[in-house]
Amino acid sequence: MGSSRKRQTSTSSSSDSSSSSSDSPAPARSKQKRESSPPARNNRQQQRNNRQQQQQQSSPRRQSFNSSLNNSQNNNSPQPRNTSMNTPSKYVGGDRAGLEGYLIERKRRKEEREMETEDREKSDKKKKDKKDKDRKMKPDKNADKGEDGEGEKKDLSAPNYEKSGKLAEERNTYKGIVIKYAEPQEARIPKTKWRLYPFKGAETLPTMYIHRNSGYLIGRERKIVDIPADHPSCSSQHAVIQFRLVDHIRQDGSQTQKVKPYLMDLESTNGSFLNNVKIEARRYYELKERDIVKFGFSTREYVILHDKTDGVMDTES
């Protein structure tokens with residue numbers, strides 16, 4: 001009983017003391033602490049600002065970044081963006097002067113390219129105009145020139161009084177066939193007894209004596225030719241051997257005239273050959289002793305000689 005009473009009295013005393021403490025005012029120390037807290041926070045903020053300023057002064061990279069940031073804030077305009085793929089990345093940011101220089105250089109290059117293109121177009125136009133002028137200056141092959149030099153088209157209904165060549169054909173016709181060759185004025189019958197020795201491979205064919213006439217026509221048309229050439233590669237009127245009276249210089253230097261043999265191709269299909277060299281059509285080529293003549297693709301070879309050649313016997317009068 002006595003112990004229980006002591007516990008009650010102790011608990012009641014403790015409760016009384018707690019109630020009295022709650023009703024009593026706060027101590028003066030806690031109030032002073034609350035009153036002094038705002039100045040302490042200001043001091044910490046000031047210390048933090050001081051540290052930031054020291055860091056900025058120690059780092060030049062941070063200084064450049066802050067200066068560019070302040071400039072952009074003062075101008076109230078955004079920094080130029082790299083909208084072009086050709087703008088280098090080093091100009092994007094705070095290097096405004098470098099970006100302006102790059103834009104000026106780019107504009108200058110563009111103007112130079114435009115000027116080059118314009119000059120090229122001008123030169124092309126000049127060349128074209130010159131070609132057109134030269135084309136106009138050339139005479140038209142299908143037009144006849146009048147007295148004023150200007151070309152005029154032919155009037156097909158008007159009569160044509162030019163030479164048609166029909167009279168020459170009638171005079172140069174034999175057995176109803178027009179001969180493609182006419183003898184020149186200097187044609188002569190030679191006094192030297194010229195001969196043709198034909199060979200077909202190793203076979204020797206009969207000798208041809210060509211000193212009786214002034215000219216000999218060669219070809220496949222047997223009605224008119226003097227020396228037939230039956231090979232399929234030969235033309236109907238293939239070539240001609242013509243004796244002509246031409247100027248000749250003797251060994252002592254004196255000048256005289258002499259009848260010499262000449263070969264002419266009459267525009268044949270496969271040509272004529274003198275010493276295995278193809279000759280031009282419608283042109284005289286002098287024949288000399290021991291020359292070899294071929295016609296077309298024929299294997300026959302004709303060697304030209306005369307009666308005074310060494311080793312040749314005169315069997316024909």
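What you see is a predicted model, and the numbers here were worked out from it, not measured in a lab.

Right, let's talk about the overall build of the protein for a bit. Looking only at helices and strands, one finds 5 helices and 16 strands in the protein. Here the protein holds 317 residues, and the buried ones make up 23% of them. Residue pairs at least 24 apart in sequence account for 42% of intrachain contacts in the protein once pairs closer than 6 positions are excluded. Carbon and sulfur atoms provide 47% of the accessible area of the protein, an area that totals close to 25100 Å².

With that settled, the discussion passes to the side chain of Asp-291. Relative to the assigned elements, Asp-291 resides in the loop between β14 (285–286) and β15 (292–295). Within the buried set, Asp-291 has no salt-bridge partner at all; the shortest N-O distance to an opposite charge, 7.0 Å, is to Lys-288.

Moving on: the sheet that holds strand β8 (residues 215–219). Sheet architecture is open: 5 strands sit in the order β9-β8-β10-β11-β14, paired in mixed fashion. A single partner strand is all that each edge strand has here, and the edge strands are β9 (227–228) and β14. Examined bridge by bridge, strand β10 (residues 239–249) and strand β11 (residues 255–265) share 11 bridges and lie antiparallel to one another. Within β11, the residue paired with Gln-242 across the bridge is Tyr-262.

Tracing the chain through its elements places Asn-276 in the loop between β12 (272–274) and β13 (277–278). Taking the relative accessible area as the measure of exposure, Asn-276 reaches 60% and is therefore exposed. With 15 residues separating them in the primary sequence, Asn-276 and Asp-291 have C-alpha atoms 9.8 Å apart.

Judged by nonpolar contacts, the single largest core of 21 residues is most densely connected at Leu-196, Ile-210, Leu-263, Leu-287, Val-293 and Phe-295. Elements represented by at least two residues in this core include exactly β5 (194–200), β8, β10, β11, β15 and β16 (300–306). The leading source of residues in this core is β10, at 3 residues. When neighbours within four sequence positions are excluded, Leu-196 is seen to be in contact with Thr-207, Met-208, Ile-210, Ile-227, Ile-241, Tyr-302, Val-303 and Ile-304.

Averaged over all residues, the pLDDT of the protein equals 76, while 60% of them reach at least 70. Across residues 8–12, confidence stays below pLDDT 50; counting only partners more than four residues off in sequence or on other chains, it has 0 contacts.

A separate point is the packing of aromatic side chains. Under the counting rule described, the total for this entry stands at 2 aromatic pairs. Aromatic pair Tyr-262 and Tyr-284: ring centres 6.1 Å apart, planes at 75°, arrangement edge-to-face. You can see Tyr-262 sitting in strand β11 and its partner Tyr-284 sitting in the loop between β13 and β14, a full 22 residues away along the chain. Here the basic side chain of Arg-244 rests over the ring of Tyr-284, its NZ or CZ set 4.2 Å away from the ring centre.

Moving on: the pattern of salt bridges. Taken as a whole, this structure holds 8 salt bridges when the rule is applied. The salt bridge involving Glu-118 is made with Lys-122; its shortest N-O contact spans 3.9 Å. Here Glu-118 and its partner Lys-122 are both found in helix α4 (residues 96–137), 4 residues apart, which amounts to about one turn of the helix. Taking relative accessible area as the criterion, Lys-122 reaches 47% and is therefore assigned partly exposed. Salt-bridge contacts for Arg-244 lead to Glu-186; the nearest nitrogen and oxygen are separated by 3.0 Å. Linking Arg-244 in strand β10 with Glu-186 in the loop between β4 (177–178) and β5, this pair joins segments that are 58 residues apart in sequence.

Take unusual backbone geometry next. Of note, Glu-267 is a non-glycine position whose phi angle comes to about 55°, a positive value. Tracing the sequence through the fold places Glu-267 in the loop between β11 and β12. Residues other than glycine seldom take positive phi values, yet Arg-282 does so here, at roughly 60°. Here Arg-282 lies in the loop between β13 and β14. Accessibility expressed as a relative area gives 38% for Arg-282, which makes it partly exposed.

Now for the side chain of His-306. Relative to the helices and strands, His-306 resides in strand β16. In terms of polar contacts, His-306 uses its side chain to reach the backbone amide nitrogen of Lys-308, at 3.0 Å.

Here 4 bridges tie β8 to β10, and the two strands are oriented antiparallel to one another. By the bridge assignment for β10, Tyr-216 is matched with Ile-241.

Thresholds applied
- Residues numbered from 1 in each chain as written.
- Predicted model: local features only at pLDDT ≥ 70, side-chain atom pairs only at ≥ 80, totals over all residues.
- Heavy atoms only, no water.
- Helix = DSSP H or I, 4+ residues; strand = E, 2+ residues; numbered from the N terminus.
- Buried < 20%, exposed > 50% of the residue type's maximum accessible area, 1.4 Å probe, protein only.
- Contact = heavy atoms within 4.5 Å.
- Areas by Shrake-Rupley, 256 points an atom, 1.4 Å probe, with all protein chains shown as cover.
- Lys, Arg positive; Asp, Glu negative; His and termini not counted.
- Salt bridge = Lys/Arg side-chain N within 4 Å of Asp/Glu carboxyl O.
- Pairing = 2+ DSSP bridges.
- Core = buried A, V, L, I, M, F, W, Y, C linked by side-chain atoms within 4.5 Å.
- pLDDT = per-residue confidence, 0-100.
- Phe/Tyr/Trp six-rings, centres within 6.5 Å; stacked < 30°, edge-to-face > 60°.
- Lys NZ or Arg CZ within 6 Å of the ring centre and 35° of its normal.
- Polar contact = N/O pair within 3.5 Å; in protein donor to acceptor, adjacent residues only side chain to side chain.

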